[in-house]
Amino acid sequence: MNPLKTRLPMSIFRVLLILLPTACLTSCTQRSPDEQQASEHWRFAIEETAGSVQDAYAQKFKELIEERSNGEIKVTVYPYGALGTSDQITELVDMGAVQFAMASPGHLGKLIPEVQVFLLHFVFSDDERVNSEVLNNDPELRAALEKLYAAKRMQLLSVYSEGWQVWTTKKPIRHPDDFKGVKFRVMTSPLLLAAYNTYGASATPLPYSEVYSALQLNMIDGQENPVFAIEEMSFYEVTDWMIFPKHAPFITTSVTNLDFFNALPPARQELVRDVVAELNDYILAVEQNYNRERLDRIRERKPDLQIIEELTPEQRAAFRKASQPVVGRFIDFAGHSGRTLHQKLVNAVRAAEHRRDHHALDAVAE
Ligand code: 6CS
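An account of the accompanying structure is given in this report. (Residues numbered from 1 in each chain as written. Predicted model: local features only at pLDDT ≥ 70, side-chain atom pairs only at ≥ 80, totals over all residues. Heavy atoms only, no water.)

Description of the sheet that holds strand E9 (residues 241–243)
And then number 1: If you walk across this open sheet you meet the 6 strands as E7-E6-E8-E5-E9-E11, and the pairing is mixed. Each edge of the open sheet is held by one strand with a lone partner, namely strand E7 (202–205) and strand E11 (306–308). The average undirected angle you get between the axes of adjacent strands in this sheet is 25 degrees.
And then number 2: With 2 bridges connecting them, strand E6 (residues 183–186) and strand E8 (residues 222–225) associate as parallel partners. Of the residues in E8, the one forming a bridge with Arg-185 is Gln-223.
And then number 3: Packing of helix H8 (residues 190–199) onto the sheet brings it into contact with strand E5 (166–169), E6, E7 and E8, and relative to E7 it is tilted by some 160 degrees. (Pairing = 2+ DSSP bridges. Helix = DSSP H or I, 4+ residues; strand = E, 2+ residues; numbered from the N terminus. Axes fitted to C-alpha atoms, helices over the stretch in contact; angles between N-to-C directions. Contact = heavy atoms within 4.5 Å.)

Some details on the site of the ligand
And then number 1: The immediate surroundings of the ligand are formed by Glu-47, Glu-48, Ser-86, His-107, Arg-185, Met-187, Tyr-208, Asn-225, Pro-226, Ala-229 and Phe-250.
And then number 2: In the environment of the ligand, an oxygen atom lies 3.5 Å from a nitrogen or oxygen atom belonging to the side chain of Ser-86.
And then number 3: One of the side-chain N or O atoms of His-107 is found 2.9 Å from an oxygen atom in the ligand.
And then number 4: Its free accessible area being 290 Å², the ligand has 100% of it covered by the protein chains.
And then number 5: Looking at the shell around the ligand residue by residue, the classes come out as 5 nonpolar, 3 polar and 3 charged. (Near = heavy atom within 4 Å. Polar contact = N/O pair within 3.5 Å; in protein donor to acceptor, adjacent residues only side chain to side chain. Areas by Shrake-Rupley, 256 points an atom, 1.4 Å probe, with all protein chains shown as cover. Nonpolar A, V, L, I, M, F, W, Y, C, P; charged D, E, K, R; others polar.)

Some words on the nonpolar core
Across soluble globular proteins, you tend to see nonpolar side chains buried next to one another.
And then number 1: One finds Phe-118, Phe-179, Tyr-196 and Leu-345 to be the most contacted residues of the largest nonpolar core, which totals 63 residues.
And then number 2: Top element by residues in this core is helix H14 (residues 325–365). It accounts for 10 residues.
And then number 3: In contact with Tyr-196, other than residues within four places in its own chain, are His-121, Trp-167, Phe-179, Phe-184, Val-186, Ala-201, Ala-203, Glu-224 and His-247. (Core = buried A, V, L, I, M, F, W, Y, C linked by side-chain atoms within 4.5 Å. Buried < 20%, exposed > 50% of the residue type's maximum accessible area, 1.4 Å probe, protein only.)

If you want it as structure tokens, here you go:
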């Protein structure tokens, strides 16, 4: 059953009404003992439901911030459905109504075209550890991204993967030609439309909350998401095939309102930066566990689901080749700064793979 049913979308006005009671945390008289101790209240809106990878991230953030501020800061996590769609959550950060949020390039690409670089197919390594290193430790990439987010009044906190994008469809897909005429749901970024239309699909942008019903009503024939999301949003119930092409990881970013962050005392800024840095390794382990465990759960619940665990090298090569023109479309959307970012990402992945191979060879030689 659709876990979100009809709770979305809602107007920003209604969302602000929901946020009002917590907004008076420091001035209202009726407060819980927890809230009385807290002198600051931070809100963190995520784009996924409770039990998701983003939820694990936000809950750990909450735990560490509350603990290390000795209870002076209270963090409330708002799961998807509480405050609106991804686009609405980004608007709330912009307004300062929530201080922290997840902003996935699959939706944020409309606002910051350059972040769609993370949506291109076959740009990342097949090795998740390499990708994590690139996303966390490449100073040039980081500086370029921070500048782009700051121009939209957001402070970028982290960039991380939630696992490989997996296709769930009503028919098998092993070759780009198999996409011909397939109504394939994508997140709302224009680049994703271009990517799947290039394969021959009829790409259909929809918010996350509408995917289940659209599959159920045959308005779309497939979608992509990491395994944990396919399980928690029950997409496997309304599709027949699950395909692991390893064409792209699902990348997300955590952000905070720039004015809010700049106004924090240096010690508070350092607290946020330290906690976020600590979460990098934590979230990689969570994502890998969740994706493994939830696949087992899906298999148990739907034994007749057809799973293509990997495409052959030839099949992947056909997709890789078919995806190449999309780089040009990305540059059309994101211009010179997009081209530079793409080059930086490609170089960073290559360099990290090289370092990994070198270390592995050194270890064998020792
Ligand atoms: O497909 C989507 O729209 C969503 N998927 C995930 C895994 N997280 C948030 C995003 O909005």
